[in-house]
Each structure stands twice: as C-alpha cells, then as structure tokens.
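Topology and contacts: notes
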Amino acid sequence: MTLPLSAWAVQAYCELPKLESVVLIERSGFNLEVRLGKHTLWLLYHWQNGIKTAFSTVYSAVGSLTKTKIEQEHLRTVIHLKSEEAIYEVTIEADVLTQHTVRWTTNICPKLPLLFPFSPKDIFNFTSDWKPLAIGNVHTQQVGNRSGALFYSLSKPQTGTVFYFQNLSSLNAYFEDTETSGPDLVGGNWPEIGFSLPPTNTEALKEGKTYVISDAVVSFSSVATKNDREVCSQYLTQLAQVYPYIKRPEPIYHNWLETVENGLKDIAGHAGCWTFADGNHYLNAYVADYETPPEIMVQLAVLLPLIEYVEWKGQQNHELIERLKAGLPAFYKKDMGTVVRWLPKLEKQLDHSEEQKKPNVMDSWYLYHPLMNLARLSQKGDDDAKKLLMDSIDYAINVARNFNYEWPVFYDMETLKVIKAETAEGEGGELDVPGSYADLMLKMWQLTNERKYLTEAKRSVKKLEGLGFSAFYQANNTAYGAVALLKLFKATGDKKYLEMSYVNLAGIFNNCQLWEMEYGNGKNYNSFFSVFPLKDAPYTAAYEEQEVYAALNEYVLEAQGVEILPAVKLLIAEFIKYIPSRIHAYYPPMLPQDMLSPEPKTGEIDPKLWIAIEDLQDGRAPSGQVGQEVYGAGVAFGIVPRQYVRLHPDICVFIGYPLEKYHQKGQSAAFRIIGSEHLSFDVVIELGKADVFEFTASTEDGNTIEIQSLNIKRLSLRVNGNQAFNLKWRKVSRNN
C-alpha cells in the first residue's frame, strides 16, 4: 500500500534510517534513541517487534541544526542545539522503572523576531525496515480546547498502544506573544499525526526570549486491545500514568459557604430569574428571558441541589423549595400521559426560532432528565413528585421502545415522528441517552421493586455496546450512564457492565481540558480539568460541569466495595479536587466585566448577580455569549453538601477529595478518602465566631499531619489520597 505523504514526511522517512545515534537510553526492554537530522532532532522508541515510533522534538525549517552540547545523568538528558534562526534546548526524561513513559521539553530562544508559518506533526511510525507504517488506529485526538491528547494503537502487526499528551499549559507564552491559541493542535491524519504549533501570522516570537514550544509526555503499552471496552480501559490507565507529569496548577480554596448564600439570595429575589403564570412562579432558563416559556428541566435542575443544601444545613424546608414544587404539576399533559418540556400554559409563546422551540417537540434527553429528578424526589418521600413520575413513566417507556432504544435528536411528542435523526450526518442521534434512560429505570426498580424496570435498563444499555468514545454526546447524561452501568454490575455481577461504565468515563475524561489558558481572557480564571458539555462544544458550561461533578461523586459512593480501576479512582478524585477551586469563575462578580459578552444570545447578563453565566470560552473570546443561566444556580447548592462536613456549630471542614465516608464521635472524626496515595489534596477548617478551638490531625497509622493557620478563622492541612485520616479538636480558653 502506497501512502500519500507530505514533502516533510518524505524527507523524514528518507533521512531517519541514515542518521547516527547521538544518545541511547536502554533499560529493561525500554529502548530510546536520539538521532539528529538536518531539520529535526528525532526521539525514537523501539518496540520489541521492531516497529519504531519517531517523535520530532525540534523542527528547524532553515535546516541547519547543530549539536553544541549534551548533558546526560542517569535517565535525564539535555541536548543543546543551534541553527541560523534560534538556540534550542531539549530535555528528555524517561521513566523505565514503574512504567514505559518518556517526557521531553523543547525550549527555543530566537536570534531575531521569529514567525512560525508552518509546523509539521511530530509523530511517525515505521516498520522494522523503515517504511511508513500503513495502518494505525487513532482512537481519539484533541477537539477544540480539550486536552492536547492523542491515543492510538498499532495492531498490524500487533504492537501496542501509545498515549501522547502535549502540556499546552507550558505553551502559554507562545500563545500570548503570537496571539494564537490552543484548540485543535494535537491530531492529524495517519501516518502524520501528533502536535503542531499554531501558525503565527504577524505577531512573532521575541528575539532573545525563551519559549517552550513542546512539552510532551508519552506512555507506551504492549497491551493488546480487542474491543471498545478494552480500548477505553487502556485509555484511562495510560492517562493516569501520564497525569503526574501533566503541568497542574495548585488549587485555590474558595469559600463556598459564602457563595451559596449569595446565590440563594439573588435567585430568590431577582426579578430576572422568574416568570409568573397561572398562579405559580417559575424559573426562567436565562436571566431576563421572559419570552421563552418555563421548562420543567430548569425547575428541577435547581430544586434538587437546593433540597440537598437545605438538608445539609439541617433545615426542614425553605420557601423557595415550596415555590418551585408548586408549579411542577402544571407541566403534565393528561392527553399525552406525560410531563412535557415547556409549560403548556405558555407554549404558544414559543417563537419557532430553533427546532426545539415549538410545541410538542422533544429533545430526547429532555424527556428523561426531569423524570430522573422526579425519581430522586420520590426517593426522598415526595408523594406529589411520585405521582407525576408514575403518571409519566409508561409514556417514557413507550418512547424508548418505539425508537428501539436508539434515540434521535428531536421528535414529535404526539406522533413520535422523527424531526431530526442525527447530531451530524453519519454520527447517529443522542447516543448516550440509553445510559440516562437506564439510570431512570434503575431508580424505578428501587422505588417499586418491579423487575420489569431492571429488564428495561438492560435492554437499553445494549445499544451502548461497541460505541467506544462516540458514546459521549452530552457530558451529564454520559456521566449518569456511567453510574447506571456500575449499578447494573452490582445488581447482576456481570463484569461487562463495569467495563462499559469505564467507556462512559473515558468519554468524560476525553472531553476535559487538562491545561490552563493563560492568554487573553483566560488569564482571569482557571480552566484546568474543565469538562465540555457536548463532544464538539467550543466552551465549557456551568450546569453540565456541576452535573458531571454530582454524578462522579455518586459513582464513588456506588463503587464502595467494588474493585475498580486505580486509574478511575485517581482521575475522579482529581476532577473533583479542581471543581471547587475554579467553577466559581462562572459567577459574573468573580470576573472582569470587560470579558463578558455585551450581547448574549438569550436574555441579559447582570454582572453583580450571583447566578452563573452558561459559557466560559477560549481566552480569545468573550464569555457569557449564551447567557446567564438560572438553571446553573444549582452549582453552589451541589458543592457544599459534597465538600463540606459540619462537625460543630462553629466547625465546618472542607474536604478537597471525594469523601467515601466519615464517622464522628464526640470531638473526633475519621474520614475515608479515595484517589491515589501519590497525589494530595487540601483540607480546610472554617471556624465560626463563638469559640476558640485547638486541632490535631493524623493518618490512620498514627502519623501526625501538620495543620497550618491561614488566618484567625481558617486552618488547612494537606492529605494524600486513598487513605483515612483523623481530626480531633477541643475548645480552649480565649486567654490561652
């Protein structure tokens, strides 16, 4: 087979076999080699079967690369190079003891203001006799501002998998000075794949300034993957292997106890959040959007987290809860036998401006999401919610069976006629709805003890088999699908369901942004470990992030007593660690007003209002372009009950990792945390005004954990994951 190649690729495969080694790194079957060409410094990984994977660590278009010095110490090598246009330094570090991983960092110091109009991809794969490898299976690559990751396998001949990660955080100086950005840099078309710098236009790298132009980590595995479940499990494993090498910001503690009360006050009292119809108050989807009818999903998306927060505070009820509950029955249409998306009383206001803004048009996931939340209310003993649920469930099942558990994007609720079948041509409909439908069915099974619902869940998730990364359509639904699959494993003992839950989780982490944007507007907020709402969305969204966060916390609780992949524990714990430290950036009071969109698509933005904007965009664009989403108000309500434990009226403890369980006895509390013992998180102790306390902390084996005072009312300690720790306190005299 003759592959089409670029001129750059032809030059590479003609040159590489003839070059001599300048560095060899060989340990325990791990064979790395460095070769210097006219244009490129190559790093070669030699597989056991003779296949070679080559990485371009430096590319000089001028073609005059010269080695000036090599420093080598154990498994760390620094190579100094020069060319007509710049001075380069490449640092290569290999980990051969615990895993086959290599990292290289390339610095450039231009000799003149330097433009990069072209940069080739940096990965080639060769046969044992130095021919371009004809076949490779690229499972996933960077889309938009997601992680600079590429995961592929070599199966002809059977060789293994390669996980490539570009630390885009390290390239922020390049992005800033050249006015470029980080989307869609890692990918390509076989056989020319990998990373390429974004081309510069008129803004050049500055003479004499040092920039990082590549900071890559690569994990190699000889594990053979035979199906989508094995591919996604291997993806998670290798992502966890490179994670310690990823450039990660230090999480900054944010006091959510204050933010949640600000948000509660604003949502209750701001006129732009509400519509009044037929004797009831309803939340708008967006601030000051009075034209679009209220949606049942919006009411429940705020109501459930609000109930969690009120229960956490130890209160029996709240006026806002009663206000939201009162309007729910009005969404039921007796002639259809189901709750509907739009408030029937006002559906005549729909302006038909979008496909779904028409009476009786349903977006597939919108039917099941409110029913899932009604099921949660039912589990809390809400009889009114249970009646709405039971009156609607037959319709929900009929829809599922009508579409044979393969949902379109939009359909007519009366006729079930498909209005829009696919998200894009050839990509199918909303492929993750079988998972959220299964979550609903399992809740019904728990509520009624009727096995027909368990059977429905099993039938539904069959449609997820074989989808791999394409199973991800919308982040929150994919996450709830992961929980449902874990529950099915526990209910049946069939390990296939557990492995399928990993497929959904791989879809979640594949749609995360594991880098910081420190250019343009991105300098005003943290973006590390953000998750995107849709597989092709150009922005991250507050509501979907909060729902993924809630679902992954639920996954942790469901997984107690289950032997799950260590990679899953690590990645979920780290995702949850970063949510509280960055998601407050969705609140306009936390952002400079000049980075907010002056003309959002829907409604208005009140920059003083503690209601989240929907969208944080790339650093080169204004945020809040979609609007200020009232249904994102559940962010703070959801975080506080999951991250804070109240031990005393004047002691509230923030736990930075997901909490499996805790036990309090008197003035002592024991906490059990998941995650990795090689990574750590912060515990913050918030103190009230009445008393003064003295604290001690220790690991479960008795080692003391140092406690630091941040201010007179706040203490902190650092704890490693995957362990238990104890906290003790005693009241002391103010005179001590």
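Above this text is the structure in question.
Rules of the game
Residues numbered from 1 in each chain as written. Predicted model: local features only at pLDDT ≥ 70, side-chain atom pairs only at ≥ 80, totals over all residues. Heavy atoms only, no water. Helix = DSSP H or I, 4+ residues; strand = E, 2+ residues; numbered from the N terminus. Rg over C-alpha atoms; globule rule 2.2 N^0.38 Å. Buried < 20%, exposed > 50% of the residue type's maximum accessible area, 1.4 Å probe, protein only. Axes fitted to C-alpha atoms, helices over the stretch in contact; angles between N-to-C directions. Parallel < 35°, antiparallel > 145°, perpendicular 65-115°, else oblique. Left-handed = near helix turned anticlockwise from the far one by under 90°. Contact = heavy atoms within 4.5 Å. Core = buried A, V, L, I, M, F, W, Y, C linked by side-chain atoms within 4.5 Å. Pairing = 2+ DSSP bridges. 1 Å grid on protein atoms, 1.4 Å probe; cavity = no way out; pocket = protein on both sides within 12 Å on 5 of 7 lines; lining within 4 Å. Points joined across faces, edges and corners; volume = space filled by probe spheres on them. Nonpolar A, V, L, I, M, F, W, Y, C, P; charged D, E, K, R; others polar. Salt bridge = Lys/Arg side-chain N within 4 Å of Asp/Glu carboxyl O. Phe/Tyr/Trp six-rings, centres within 6.5 Å; stacked < 30°, edge-to-face > 60°. Expected span 1.5 Å × (residues − 1).

**Focus on the overall build of the protein chain**
Tallying secondary structure elements over the protein chain gives 15 helices and 36 strands in all. A globule of 736 residues ought to have a C-alpha radius of gyration of about 27 Å, and the protein chain, at 27 Å, matches this closely. For the protein chain, the spread of C-alpha atoms along the principal axes amounts to about 80 × 75 × 55 Å. Put simply, the protein chain has 736 residues, and 62% of those count as buried.

**Side note on the packing of helix H8 (residues 383-402) against helix H9 (residues 433-448)**
Geometrically, a packed helix pair is captured by the angle between its two axes and the distance between the axes. Contact geometry of H8 with H9 gives a least axis separation of 12 Å together with a crossing angle of 140°. With respect to H9, the element H8 is oriented oblique. Helix-helix and strand crossings are classified by hand; for H8 and H9 the assignment is left-handed. Taken together, the residues of H9 that come into contact with H8 (itself represented by Leu-389, Met-390, Ile-393, Ala-396, Ile-397 and Ala-400) are Tyr-437, Leu-440, Met-441, Met-444, Leu-447 and Thr-448.

**Quick notes on helix H15 (residues 634-643)**
With 8 of 10 residues buried, H15 is to be regarded as a mostly interior element. Elements in contact with the buried residues of H15: helix H4 (256-269), helix H5 (296-312), helix H13 (542-558), helix H14 (566-582), strand S27 (644-648) and strand S28 (651-655).

**Some thoughts on the nonpolar core**
Looking at soluble globular proteins, one finds that nonpolar side chains tend to be buried together. The biggest cluster of nonpolar side chains holds 244 residues, and the ones touching the most others in it are Phe-509, Tyr-555 and Phe-575. Top element by residues in this core is H5. It accounts for 13 residues. Setting aside anything within four residues of it in sequence, one finds Phe-575 in contact with Phe-509, Cys-512, Phe-529, Val-531, Val-548, Tyr-549, Leu-552 and Arg-582. Grouped together as the second largest cluster of nonpolar side chains are 12 residues, Ala-9, Ala-12, Leu-19 and Trp-130 included.

**Here's the deal with the pairing of strand S15 (residues 211-221)**
Burial analysis of S15 places 10 of its 11 residues in the buried class, which makes it a mostly covered element. With 8 bridges joining them, strand S8 (residues 101-110) and S15 adopt antiparallel strand pairing. Across the sheet, Val-102 pairs through a bridge with Val-218, a residue of S15. Pairing of strand S12 (residues 158-166) with S15, which is carried by 6 bridges, proceeds in the antiparallel orientation.

**Some remarks on the sheet that holds strand S10 (residues 137-141)**
With antiparallel pairing, the 8 strands of this open sheet are ordered in space as S5-S6-S7-S8-S15-S12-S11-S10. With one partner strand each, in any of the chains shown, strand S5 (66-73) and S10 form the two edges of the open sheet. Looking at each pair of strands side by side, their axes are set apart by 15° on average, direction ignored. Summarising the sheet, strand S6 (residues 76-82) and strand S7 (residues 86-95) pair through 7 bridges and their orientation is antiparallel. Across the sheet, the residue bridging to Ile-79 is Val-90, located in S7. Where helix H3 (residues 228-242) meets the sheet, it contacts S10, strand S11 (148-155), S12 and S15, and its direction lies at approximately 50° from that of S12.

**Focus: the layout of surface pockets**
In this structure, the largest pocket occupies an estimated 1000 Å³ of space. Listing elements by their share of the lining of the largest pocket, those giving two or more residues are H5, helix H7 (364-379) and H13. Counted by class, the lining of the largest pocket contains 20 nonpolar, 5 polar and 14 charged residues. Looking at the second largest pocket, it is lined by 30 residues, and the ones nearest its centre are Glu-308, Ala-550, Glu-554, Leu-557 and Arg-642. For the lining of the second largest pocket, the secondary-structure elements that each account for two or more residues are H5, H7, H9, helix H11 (475-492), H13, H15, S27 and strand S29 (659-665). Looking at the lining of the second largest pocket element by element, the count peaks at 9 residues for H13. Its residues assigned to classes, the lining of the second largest pocket comprises 15 nonpolar, 5 polar and 10 charged.

**Some words on the sheet that holds strand S36 (residues 723-732)**
Taken in spatial order, the 5 strands line up as S29-S30-S36-S32-S33 in an open sheet, and their pairing is antiparallel. A single partner strand is all that each edge strand has here, and the edge strands are S29 and strand S33 (704-705). Where strand S32 (residues 692-699) meets S36, 8 bridges bridge the pair, whose relative direction is antiparallel. Bridge assignment links Val-692 to a residue of S36, and that residue is Val-732.

**Description of the pattern of salt bridges**
As enumerated under the stated definition, the model contains 35 salt bridges in all. With its nearest N and O atoms 2.8 Å apart, the salt bridge here joins Asp-391 to Lys-387. Placement of the pair is Asp-391 and Lys-387 together in helix H8, with a separation of 4 residues, close to one helical turn. With a relative accessible area of 53%, Lys-387 lands in the exposed category. Salt bridges linked by common partners bring Glu-250, Asp-682 and Arg-718 together as one network.

**With respect to the packing of aromatic side chains**
A full pass over the atoms with the stated rule returns 50 aromatic pairs. Ring centres 6.1 Å apart and planes at 65° place the aromatic pair Phe-509 and Phe-529 in the edge-to-face group. Taken together, the residues span a long stretch of sequence, with Phe-509 in helix H12 (residues 495-510) and Phe-529 in the loop between strand S23 (512-513) and strand S24 (530-531) at a distance of 20 residues. Under the relative-accessibility criterion, Phe-509 is labelled buried at 2%. Phe-529 sits in the buried class, given a relative accessible area of 1%. Taking the centre distance of 4.9 Å and the plane angle of 65° together, the rings of Phe-528 and Tyr-578 count as edge-to-face.

**Focus: H4**
Compared with an ideal rise of 1.5 Å per residue, which puts 14 residues at 20 Å, H4 spans 20 Å between its outermost C-alpha atoms and is within 8% of the ideal. All of the buried residues in H4 are Trp-256, Thr-259, Val-260, Gly-263, Leu-264, Asp-266 and Ile-267.

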